[in-house]
Every structure is written in structure tokens, then in C-alpha cells.
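# Structural description and commentary
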Amino acid sequence: MKFNTKTIHGGQKVEKSTSAIVPPIFQTSTYAQASVGADQEYNYSRGANPTRTALENSLASIENGTHGFAFSSGLAAIDCVLRTLKPGDEIIAGNDLYGGTYRMFTRLFEKYGLEFIYVDINFAENVAKAITAKTKLVWLETPTNPLMKIADIKAICTAVKELNSEILIGVDNTFATPYLQQPLDLGADIVMHSVTKYLAGHSDVLMGALIVKDANLAEEIHFIQFAAGAVAGPMDSFLALRGIKTLHIRMQRHCENGRAVASFLKKHPKVGAVYYPGLEEHPNHEIAKKQMKDFGGVVSFSLKDESKEATFKFLENIEFFTLAESLGGVESMVNHSATMSHASMPEEERLKTGITDAIIRLSVGIEDEDDLLADLERTLNL
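All values derive from a computational prediction rather than experimental measurement.

## Here we look at the nonpolar core
With 60 residues, the main nonpolar core has Leu265, Phe301, Phe314, Leu362 and Leu376 as its most contacted residues. The greatest single-element share of this core, amounting to 7 residues, is contributed by helix α10 (residues 247–267). Residues contacting Phe314, with those up to four places away along its chain left out, are Phe301, Leu303, Val334, Ile360, Leu376, Thr379 and Leu380.

Rendered as C-alpha cells:
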């Protein structure tokens, strides 16, 4: 199946008992057992639920994996990956991480003996040089949040696997979605999503996902998820599965509007830097062209007047971009990274990565392009 067909039919079956086209919401915690010790597919919903299974099959299909897992949040999914490691193991990660991921690494798992090394993932050689005998995981975000840096997934996977084929490579594919890039096909072992964002797509679900190809890794992830209990509920699974069915057409509009907004901002006299991989001057533009189908709907920028007053004036007066946490919904949103997505990152570390108080992140929705551009023009000229 082609991708657009996979979003609707991938991994899906007609429901057995009623022949329902849409997988029902199996709002149940437990299941009747035929006899003591009977081997059956569903026993208790922490282990598996039919609605969640339908979603997980869809996730595996659209990422070209073999096993998908739906978690209660994106951070719960990352937590599961880290639980495959043991004290003394080393993780190499990008130095431009989502603030919640950075918080989990530094304030939770460092206490449990994991060691983290942060490098600039713009260059595959930086990752390769950081590898030691203790390295067990490489964790990438691409594009990054909020500076939209692009890691060359294939080059990094090739370099890492040549040094040690047992090192796992995980990719947070939230910003790109499988519509734009498929990390498993580029050599990664694990793909992670905050399903909350583009996959569900309507700002009404909190969920995470992992997708893998290796059966042994899948078995370990399933055990950790079952034992720790960070599972997605049936109602959220139903909503996420419904969202995936329109992922391809939503992403087309997100990308169209994203390109238009980035081009507009680039030309505006009151705008300073614009961070969008679709712009030719973006330092990773050629890598993005090579590994992505399009450039997505997230655009970050700063004003020429980088004062807090000017930045906050913009954030508090724009109309069609709702000031809110999160991204990837059908509605446009605006985020102040320093006080929102990266508030948990120490200021010194945040500034080292280039995330200043002046950075504004736009999640460009699927509204009419003209309305969004007019809103930006009006707000910038206040």
C-alpha cells in the first residue's frame, strides 16, 4: 500500500463480532476467560485492548515497522526506551532537545545511573566521535524543537552501526510525522511519537507511541509497558486512530501553510531570524530535501527587536495563533519556548543551544493561508 492508503487501511481488519468498519471503543478493563489458564488474546486491558491494538497496528503500518505500542504520553514512551538500559549505560543525544525530554534525562534518569552526552546533531561525525564502550543508545530529534535543526538520520545510523551495531538509535519523529520521513527505513531502531501532536491532530488526545522492527526489542518494550502500566486508554486510542486517517491530507495543508508563513516572515522588515528547513538559507536545507517529503508546519522566528516587551506584545495580541502549549493540531498555535516548552531547562543550558527569550514558535494549522498571513501582518505592525 502507498502511504495515503495505509493511513486508512494499514493494519486494520473488519471487527469480528459485528463487521463494524470503524473499530469500536472497547471500554473495558477485563475480559471473560473460557477456562482457568486459557490462552487468549485479551485478558486484562493493561496488557492489550482491542481498540488500542487497532491503533498500534496502524502505527506500525504507517512507520513501516512490525510492532507499534501506544502509551499514555510521549514522555511515557521515552521513559520506556530508557528502561531498556541499566546504570552505567551511556546515551548520546542532541543538544537541542525538547525541554520535557531534557528534564527526564537530567532530573530522573541521571539519578538512576544513566549517563548522557549532548552533541550538535547537525553533523554525523559529532555523534560518532562521542561513542564510547558504554554507549547503548543514540537519541535524535529531527526536526528539533524549536530551532528546526535537521539530523541526517541515515548518515548517523550508518556511522554508529559501523562502530557498534548493537547501539540502539531512537528518533523522535513527532515534528515530521511518517508522512514526511520514516526513520526505520533510514536505519533507526526505534521511532517515537508524541501522538498528541500531528498523528491525533485535533488537540483532544494525550498519547505517545513507539514503533520498532526487531521482534526481540518489541518483546522487551511490551514487557516494560505491561509491567509499568503506561498504556493508552481505549477512548484516546479511538480518537488517535481516527486522526491518523486524515494525517496525509492534514499534513499537506500544514506544509503548504508552513511554507507560506516562513516565506512571509523571511521578507518582513520587523522579523529577525527565521528557522524553517524549507528555506534555502537554512543550514540543513539540503539534508531536509533528501530525507523529508516536505518541510512541515512548524516555523520558529525572532523579532529584530528581541526585547521581552516586543516578544510578549506579539504573543499576546495575535488572534488566529492561540497562545498554548503543544502543536500539531488543526488550529494554529504560538509558543514562547523559554517559558513554555523549555521552561524546565536551566537558562544557561538553554542559551547555549540558541533558545533565547526572543524565540517564538508557530505551529501553523490548516486555516486559510490568507487569514494567517493577515493576522501575522497585523500583529507585527502593532
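## Quick look at the confidence of the model for the chain
Across the chain, the average pLDDT comes to 97, with 100% of residues at or above 70. Mean pLDDT in the chain bottoms out at helix α13 (residues 347–352), which sits at 92, and peaks at strand β7 (residues 208–212), which reaches 99.

## With respect to the side chain of His193
In this structure, His193 sits in strand β6 (residues 190–194). Exposure remark for His193: the relative accessible area of 1% places this residue in the buried category. Separated by 2.7 Å, the side chains of His193 and Glu63 make a polar contact.

## Structural notes on the environment of Pro23
Mapped onto the elements, Pro23 comes out in the loop between α1 (3–9) and α2 (50–62). Distance in space between the C-alpha atoms of Pro23 and Lys304 is 51 Å, their sequence separation being 281 residues. Filtering out sequence-adjacent residues up to four positions away, Pro23 remains in contact with Gln12, Ala54, Phe238 and Leu241.

## Side note on the packing of aromatic side chains
Going through the model one piece at a time under the given rule, you end up with 7 aromatic pairs. Between Phe109 and Tyr112 the ring centres are 5.8 Å apart and the planes differ by 90°, which places this aromatic pair in the edge-to-face class. For Phe109, a relative accessible area of 7% corresponds to the buried category.

## As for the sheet that holds strand β2 (residues 90–94)
Read across the sheet, 7 strands follow the order β1-β7-β6-β5-β4-β2-β3 without closing on themselves; strand pairing throughout is mixed. Both outer strands of the open sheet, β1 (67–71) and β3 (115–119), are each paired with one neighbouring strand and no more. In this sheet, neighbouring strand axes are inclined to one another by 20° on average, regardless of whether the strands run parallel or antiparallel. Taken together, the 5 bridges between β6 and β7 define a ladder with antiparallel strand orientation. Opposite Met192, over in β7, you have Leu210 as the bridge partner. Of the strands in this sheet, β2, β3 and β4 (135–141) touch helix α4 (residues 99–109), which is tilted by about 150° from β3. Against the sheet, helix α8 (residues 215–228) touches β1, β5 (168–172), β6 and β7, its axis set at about 20° to β1.

## Thoughts on the pattern of salt bridges
Throughout the structure, instances matching the rule amount to 14 salt bridges. The salt bridge involving Lys134 is made with Glu115; its shortest N-O contact spans 2.7 Å. Of this pair, Lys134 sits in the loop between α5 (124–130) and β4 while Glu115 sits in strand β3, and the two are 19 residues apart along the sequence. A relative accessible area of 37% means that Lys134 is categorised as partly exposed. With a closest N to O distance of 2.5 Å, Arg259 and Asp294 form a salt bridge. Placement of Arg259 in helix α10 and of Asp294 in the loop between α11 (285–291) and β9 (298–303) is noted, with a sequence separation of 35 residues between them. Using a relative accessible area of 35% as the deciding quantity, one classes Arg259 as partly exposed.

Analysis parameters
- Residues numbered from 1 in each chain as written.
- Predicted model: local features only at pLDDT ≥ 70, side-chain atom pairs only at ≥ 80, totals over all residues.
- Heavy atoms only, no water.
- Core = buried A, V, L, I, M, F, W, Y, C linked by side-chain atoms within 4.5 Å.
- Buried < 20%, exposed > 50% of the residue type's maximum accessible area, 1.4 Å probe, protein only.
- Helix = DSSP H or I, 4+ residues; strand = E, 2+ residues; numbered from the N terminus.
- Contact = heavy atoms within 4.5 Å.
- pLDDT = per-residue confidence, 0-100.
- Polar contact = N/O pair within 3.5 Å; in protein donor to acceptor, adjacent residues only side chain to side chain.
- Phe/Tyr/Trp six-rings, centres within 6.5 Å; stacked < 30°, edge-to-face > 60°.
- Pairing = 2+ DSSP bridges.
- Axes fitted to C-alpha atoms, helices over the stretch in contact; angles between N-to-C directions.
- Salt bridge = Lys/Arg side-chain N within 4 Å of Asp/Glu carboxyl O.

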